[in-house]
Amino acid sequence: MNLEQIVSWWRARTSRERLMVQLLGGIFAVALPLSAYQGAAGVRDRAAAALREAREVSAGVETLRQLGPAPAGVSNEASLRSVALASAESLGLKASRVEPAGAGRLKIAFEAADSRIIYRWMDAMGKRGAFIVQTSIVRDGDKDLVLAQFEIGASPL
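Residues numbered from 1 in each chain as written. Predicted model: local features only at pLDDT ≥ 70, side-chain atom pairs only at ≥ 80, totals over all residues. Heavy atoms only, no water.

**Q** Please clarify how the packing of aromatic side chains should be interpreted in this entry.
**A** To describe a pair of aromatic rings, you give the distance between the ring centres and the angle between the ring planes. Within this structure, the stated rule accounts for four aromatic pairs. Ring centres of Trp9 and Trp10 lie 6.4 Å apart, and the angle between their planes is 45°; this geometry places the pair in the tilted category. On the numbers, 6.1 Å between centres and 65° between planes, the contact of Phe110 with Phe150 is edge-to-face. Within this pair, whereas Phe110 is found in strand β2 (residues 105–113), its partner Phe150 is found in strand β4 (residues 146–153), the two being separated by 40 residues in sequence. Given the relative accessible area of 3%, Phe110 is considered buried. Among the aromatic residues, those joined into a cluster by ring pairs are Phe110, Trp121 and Phe150. (Phe/Tyr/Trp six-rings, centres within 6.5 Å; stacked < 30°, edge-to-face > 60°. Helix = DSSP H or I, 4+ residues; strand = E, 2+ residues; numbered from the N terminus. Buried < 20%, exposed > 50% of the residue type's maximum accessible area, 1.4 Å probe, protein only.)

**Q** In this structure, what is going on with the nonpolar core? I would like to understand it.
**A** As a rule of thumb, soluble globular proteins bury nonpolar side chains together. One finds Leu93, Phe110, Ile118, Trp121, Met125, Phe150 and Ile152 to be the most contacted residues of the largest nonpolar core, which totals 17 residues. When residues of this core are traced back to their parent elements, those giving at least two are α3 (77–91), β2, α4 (115–127) and β4. The contacts of Phe110, once residues within four sequence positions are left out, are Ala88, Leu93, Lys94, Ala95, Ser96, Ile118, Trp121, Leu147, Ala148 and Phe150. (Core = buried A, V, L, I, M, F, W, Y, C linked by side-chain atoms within 4.5 Å. Contact = heavy atoms within 4.5 Å.)

**Q** What is the right way to look at a nonpolar patch on the surface in this model?
**A** On the surface, a cluster of nonpolar side chains totalling about 440 Å² of accessible area is made up of Met1, Leu3, Ile6 and Val7. Along the polypeptide, Ile6 turns up in helix α1 (residues 3–12). (Patch = residues over 30% accessible without salt bridge, like charges linked within 9 Å, V, L, I, M, F, W, Y side chains within 5 Å. Areas by Shrake-Rupley, 256 points an atom, 1.4 Å probe, with all protein chains shown as cover. Salt bridge = Lys/Arg side-chain N within 4 Å of Asp/Glu carboxyl O.)

**Q** I'm lost on the packing of α1 against helix α2 (residues 15–67) in this one. Help?
**A** Axis angle and axis distance: for two packed helices, these are the angle between their axes and the distance between the axes, and together they describe the pair. α2 packs onto α1 with a crossing angle of 120° between their chain directions and a minimal axis gap of 8 Å. In terms of axis orientation, α1 runs oblique to α2. Facing Trp9, Trp10 and Arg11 of α1, the residues of α2 in contact are Arg18, Val21 and Gln22. Taken together, the residues that form the contact of α1 with α2 break down as three nonpolar, one polar and two charged. (Axes fitted to C-alpha atoms, helices over the stretch in contact; angles between N-to-C directions. Parallel < 35°, antiparallel > 145°, perpendicular 65-115°, else oblique. Nonpolar A, V, L, I, M, F, W, Y, C, P; charged D, E, K, R; others polar.)

Structure representation (structure tokens):
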């Protein structure tokens, strides 16, 4: 289609048809760049979110790197028992029950104690390479003490 054909087509339109075509052209002139901008803005926002997430992961990795290597774990049930009881004794906790709970696992229950001491024991176990599989800490009646039961495991490594 050449320019003469377009001009003759345009002249053949009524003023109402010309107005409609001009309005549609105006709408497209505004909508097309707006649509392109919104698409680009969406891509930019997703890229910014991915960058933030990558920076958070990088910061987490750096924190782990600064902590150093993981502690050498307890390797069997006997060493797990001795580490658990020694840690408890050093904090003043008294075990009321200690029993095996499967391969490389142990169930341990403590007499009523201050919850802060229980949490220190949990921290000590983690620092010694054991892991806590299951926890039950409940308040001992109306007292400010808690009864705690744990299932702990030897390090799988």
